[in-house]
Amino acid sequence: MNKPVVTRFAPSPTGYLHIGGGRTALFNWLYARGRGGKFLLRIEDTDRERSTPEATAAILKGLTWLGLDWDGEVVSQFDRKDRHAEVAHQMLARGTAYKCFSTQEEIAAFRAEAEARGSYALFQSPWRDADPATHPDAPYVIRMRAPREGETIIEDQVQGRVVIQNSALDDMICLRSDGTPTYMLAVVVDDHDMGVTHVIRGDDHLNNAARQQMVYAAMGWDIPVWAHIPLIHGPDGKKLSKRHGATGVEEYQAMGYPAAGMRNYLTRLGWAHGDAEIFSTEEAMKMFDLSGIGRAPARLDFKKLENTCGHHMAMAENAALLHEIEAYLVAAKRPALTQSQRALLQAGLYCVKDRAKTFPELLEKAQFALTSRPVQPDEASAKALDSVSRGILKSLTPRLQTASWTKDALEPILTDVAAENGIGFGKLAAPLRAALAGRSATPSVYDMMLVIGRDETIARLEDASA
RNA sequence: GGCCCGUUCGUCUAUCGGUUAGGACACCUGGUUUUCAACCAGGUAAGAGGGGUUCGACUCCCCUACGGGCUGCCA
């Protein structure tokens, strides 16, 4: 009998949603959603010094943009501190933990002394086996009574079987002297209480898993399935940092990458399923598994990200695409669309979405639908509007007056005009582009004419040839 | 310092002892073309280094190098 899958994403709210965190969340989400399971969200805010509500909001916003929805309420780890303390005391009662009265100064001194000797030693609390009768009336922490011999084995779905010598692990603190829980305790208690079956997280937690597994053992709880995934690196192979540019998910939104493309790219970054490259989110849910996750850190490749996004842009449904474009404009702090821009853009999406990879690029190519008279040609397109070309445009307008406004009717008119002037179609298309869009990279001239309509087309041609 | 993880084309990866080491992005060449994007045909390009095990290693083991992580009353 298989338990239903429950995964979780558990970021600490100390900043925006990191791109690596976004991918971790995505993996958890795909794994759960692909199996009819639950995907939970927990904010690890036990460190009151560094946790901020703004960061929590930013993380939620980032996840929402990525299209990752979570089940139930967002859990605040800090809110569960009483339960963590309860478990710590249960461990005390079971004898799997003990009170330690060593002060931070004593511990620091111990470490300094070891360092001075040029060695490194784990702190061994003198209180581990002390008689309770000798306990002072002083603040204390609750430490795990970790086994000092033997080994702890992590059966990791990504990293394989990892063996850690127990002698390398100290008696970690579970409950601080102020009564608040440490991460190492809280994460286990919460995962257990929330029914998490699969812990998919960054491999910076691989070593921690051994200590956490001791807590599971101490409480007699079932150990979840572990899957420690490699971190994402920058293009230079070093750990991803601000130096590399975009590290926050929100920055990718502001750069204009569509969320579907972002999901696809991130899914393929460190995970593969045969030759599958471009796929929908639904397909990803069906294919995604732990065995396809690679063991080496992956580097971010913006070229491939763009390519992937280009495919998704072309596949996008118009109404949804328009919504996403408007959200992008807000995120990028660009002016919103006017009513008429919105209407024309919507009508023209069909001919721009398959030639753009990002929203800025799409908007640039949709300039013909966004601009208004008089159209200001940019430097490149202005070159096409020489006096000869302007004359040709002028001769064209009367013939457009009477044409029926379809591509089939327009095509012979334009090709005839080109032929009559002894020029190739390209020589006619260039000034047309300049007149209609003020740009040299645009959709087909026919598509632009059809989208903006006869009157606007003629008016723009007259403006340009005047 | 100790412990743990990793290393296939420039990049993401496939391969799970026997392949001309495959695909995708990027790049180069040619084609198509109405600019851009796309598309079609083709091309360059990889098992970190060294030892083993084996009839046979990218694949299994060991060492080295390099990269990363952990080693907190941070998460």
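The model shown is predicted, which means the values in this text are computed figures rather than measured ones.

Thresholds applied
Residues numbered from 1 in each chain as written. Chains lettered and ligands numbered in written order. Predicted model: local features only at pLDDT ≥ 70, side-chain atom pairs only at ≥ 80, totals over all residues. Heavy atoms only, no water. Pairing = 2+ DSSP bridges. Helix = DSSP H or I, 4+ residues; strand = E, 2+ residues; numbered from the N terminus. Contact = heavy atoms within 4.5 Å. Axes fitted to C-alpha atoms, helices over the stretch in contact; angles between N-to-C directions. Near = heavy atom within 4 Å. Polar contact = N/O pair within 3.5 Å; in protein donor to acceptor, adjacent residues only side chain to side chain. Nonpolar A, V, L, I, M, F, W, Y, C, P; charged D, E, K, R; others polar. Left-handed = near helix turned anticlockwise from the far one by under 90°.

(A) How the structure looks around the sheet that holds strand β3 (residues 75–76). The 3 strands lie next to each other as β1-β2-β3, forming an open sheet whose pairing is parallel. Looking at which strands have only one partner, the edges of the open sheet turn out to be β1 (6–9) and β3. Where β1 lies against strand β2 (residues 38–43), 4 bridges are found, and the strand directions are parallel. The residue of β2 that forms the bridge with Phe 9 is Leu 41. Helix α1 (residues 19–33) rests against β1 and β2 of the sheet, and its axis sits at about 165° to β1.

(B) Highlighting the sheet that holds strand β8 (residues 173–175). With antiparallel pairing, the 3 strands of this open sheet are ordered in space as β4-β5-β8. In this open sheet, the two edge strands, each paired with only one partner strand, are β4 (97–100) and β8. Ignoring strand direction, the axes of neighbouring strands in this sheet form an average angle of 45°. Pairing of strand β5 (residues 141–144) with β8, which is carried by 2 bridges, proceeds in the antiparallel orientation. Within β8, the position partnered with Ile 142 by the bridge is Leu 175.

(C) Spatial organisation of the protein's contact with RNA strand B. Every one of the 61 residues lining RNA strand B counts as a neighbour, but Arg 176, Lys 365, Arg 433, Thr 442 and Tyr 446 are closest to it. A share of 66% of the atoms of RNA strand B within 4 Å of the protein falls on sugar and phosphate groups. Lys 365 places a side-chain nitrogen or oxygen 2.4 Å from a sugar or linking oxygen of RNA strand B. Where the surface near RNA strand B is concerned, the elements lending two or more residues are α4 (104–116), β7 (160–165), α5 (183–193), α6 (206–219), β12 (298–299), α10 (302–315), α18 (425–436) and α19 (445–452). Among the residues forming the surface near RNA strand B, the class breakdown is 20 nonpolar, 18 polar and 23 charged.

(D) Here's a closer look at the side chain of Gln 213. Positionally, Gln 213 belongs in helix α6. At 2.7 Å, the side chain of Gln 213 and the backbone oxygen of Ile 153 are in polar contact.

(E) Representation of the packing of helix α3 (residues 81–94) against α6 in the model. One way to put it is that α3 packs onto α6 with a least axis distance of 10 Å and a crossing angle of 65°. Our pair here, α3 against α6, has a crossing hand that is left-handed. Between α3, through Val 87, Gln 90, Met 91 and Arg 94, and α6, the contact on the second element is made entirely by Val 215, Ala 218 and Met 219. Taken together, the residues that form the contact of α3 with α6 break down as 5 nonpolar, 1 polar and 1 charged.

(F) Here's a closer look at the pairing of β7. Relative to β7, strand β6 (residues 151–156) is paired through 6 bridges, and the arrangement is antiparallel. Directly across from Glu 151, in β7, lies its bridge partner Gln 165. Linkage of β6 to β7, two consecutive antiparallel strands, is achieved through a turn of 3 residues.

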